[in-house]
Amino acid sequence: MDALKRRIADIDHEIAAACERSGRERSDVTVVAVTKQVSAERAEEVISEGIFHLGENRSEGLLGKQQQIKDPVTWHFIGNVQSRKVKDFINQIDYLHALDRISLAKEIQKRADRTINCFVQVNVSGEESKSGLSSEEVGPFLDEVAAFDKIRVVGLMTMAPFTEDTEFIRYVFRSLRELRDDMAAKQLDHAPCSLLSMGMSNDYSIAIEEGATHVRIGTALVGTESEG
Ligand SMILES: *Cc1c(COP(=O)(O)O)cnc(C)c1O
């Protein structure tokens with residue numbers, strides 16, 4: 001088996017085990033292959049293994065891959081967004097995982113020609129270096145974006161803190177799930193907020209145990225261009 005097939009088989013196995021441990025259905029978890037650090041060719045190999053959700057964090061990377069890849073991909077934009085870049089890519093994506101401020105919502109409202117599925121990014125652990133709303137800000141933010149008909153809040157997204165402390169990582173993921181449950185309970189038309197984007201190469205198993213519906217896996221899945 002080649003290296004890519006092996007990595008995908010290992011990830012499938014891990015995901016199935018995490019679902020089993022937490023009594024979840026495998027079909028409730030979507031793998032977003034983060035291809036930001038690899039070529040369009042590598043992305044096409046990933047697609048040929050049956051993974052049709054790709055994540056990019058820059059408009060250049062996204063548009064470059066879209067030019068080359070003709071398969072029916074579901075495109076996820078996962079990076080911090082500069083407002084001035086919104087017009088370049090907002091109508092080319094299926095999901096935005098990084099809605100974290102009203103000024104960005106305004107720019108999307110202005111530039112989008114259809115409703116954009118957005119995850120609101122939350123900085124659960126309050127690390128200075130991370131973008132995202134604090135947990136307390138999310139409720140008022142959802143009320144505020146009701147005014148923007150181009151924005152549909154499909155769920156919440158977070159990045160785990162940089163730490164070896166898996167119990168703390170678990171606590172962060174669990175906190176996001178609880179916040180998601182609270183927001184979904186509001187039953188807002190513009191913000192069903194049923195999804196949870198959390199978990200990357202090093203922590204996706206924990207994220208799935210804690211309820212992730214979308215795991216964003218880069219290096220562990222796509223590898224690095226030099227190593228194959
Ligand atoms: C790069 C990136 C990922 C993937 O990271 P890996 O550690 O390579 O799995 C996931 N989410 C976001 C927001 C990223 O920028």
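This text goes with the structure placed above it.
Residues numbered from 1 in each chain as written. Predicted model: local features only at pLDDT ≥ 70, side-chain atom pairs only at ≥ 80, totals over all residues. Heavy atoms only, no water.

Asker: Please give an account of the layout of surface pockets that cites residues and values.
Answerer: Within this model, the largest pocket holds a volume of roughly 740 Å³. Among the elements of the structure, helix 7 (166-185) and helix 9 (219-222) are those that each provide at least two residues to the lining of the largest pocket. Of the residues that constitute the lining of the largest pocket, the class distribution is 12 nonpolar, 13 polar and five charged. Approximately 160 Å³ is the volume found for the second largest pocket. The wall of the second largest pocket is formed by Asn57, Arg58, Ser59, Glu60, Phe77, Gly79, Asn80, Val81, Gln82, Lys85 and Phe89. (1 Å grid on protein atoms, 1.4 Å probe; cavity = no way out; pocket = protein on both sides within 12 Å on 5 of 7 lines; lining within 4 Å. Points joined across faces, edges and corners; volume = space filled by probe spheres on them. Helix = DSSP H or I, 4+ residues; strand = E, 2+ residues; numbered from the N terminus. Nonpolar A, V, L, I, M, F, W, Y, C, P; charged D, E, K, R; others polar.)

Asker: Outline the pattern of salt bridges, supporting the account with residue identities and numerical values.
Answerer: When charged atoms on two side chains of opposite charge get close, those side chains can pair. One pass over the full model with this rule turns up 15 salt bridges. Arg111 is the salt-bridge partner of Glu107, the closest N and O atoms lying 2.9 Å from each other. Residue Glu107 and its partner Arg111 are located together in helix 5 (residues 102-111), separated by four residues, close to a single helical turn. Judged by relative accessible area, Glu107 falls into the buried class, the value being 13%. Taking the relative accessible area as the measure of exposure, Arg111 reaches 33% and is therefore partly exposed. (Salt bridge = Lys/Arg side-chain N within 4 Å of Asp/Glu carboxyl O. Buried < 20%, exposed > 50% of the residue type's maximum accessible area, 1.4 Å probe, protein only.)

Asker: Can you lay out the side chain of Gln66 for me, pointing to particular residues and giving the numbers?
Answerer: Of note, Gln66 is situated in helix 3 (residues 59-68). Each residue touching Gln66, except ones within four places of it in the same chain, is listed here: Trp75 and Gln92. (Contact = heavy atoms within 4.5 Å.)

Asker: Describe the nonpolar core, listing the residues and the values that go with them.
Answerer: In this structure, Leu54, Leu96, Leu99, Ile108, Leu156 and Leu221 are the most contacted members of the largest nonpolar core, which totals 67 residues. Those residues in contact with Leu96 that lie beyond four places of it in its chain are Phe77, Val81, Phe89, Ile108, Ile116, Asn117, Cys118 and Phe119. Of all hydrophobic cores here, the second largest spans five residues; its members include Tyr95, Phe119, Met157 and Leu195. (Core = buried A, V, L, I, M, F, W, Y, C linked by side-chain atoms within 4.5 Å.)

Asker: Any details on the packing of aromatic side chains? Residues and values, ideally.
Answerer: Considering all chains together, one arrives at three aromatic pairs under this definition. Between Phe77 and Phe89, the ring centres sit 4.0 Å apart and the planes meet at 5°, which makes this aromatic pair stacked. Pair noted here: Phe77 is in strand 3 (residues 74-77) and Phe89 is in helix 4 (residues 86-89), with a separation of 12 residues, a long-range link. In terms of burial, Phe77 and Phe89 fall into one category: buried. Centre to centre, the rings of Tyr95 and Phe119 are 6.1 Å apart; their planes meet at 45°, and the pair counts as tilted. With a gap of 24 residues between them, Tyr95 in strand 4 (residues 95-99) and Phe119 in strand 5 (residues 116-121) connect regions that are remote in the sequence. Note on Phe119: relative accessible area 0%, which makes it buried. (Phe/Tyr/Trp six-rings, centres within 6.5 Å; stacked < 30°, edge-to-face > 60°.)

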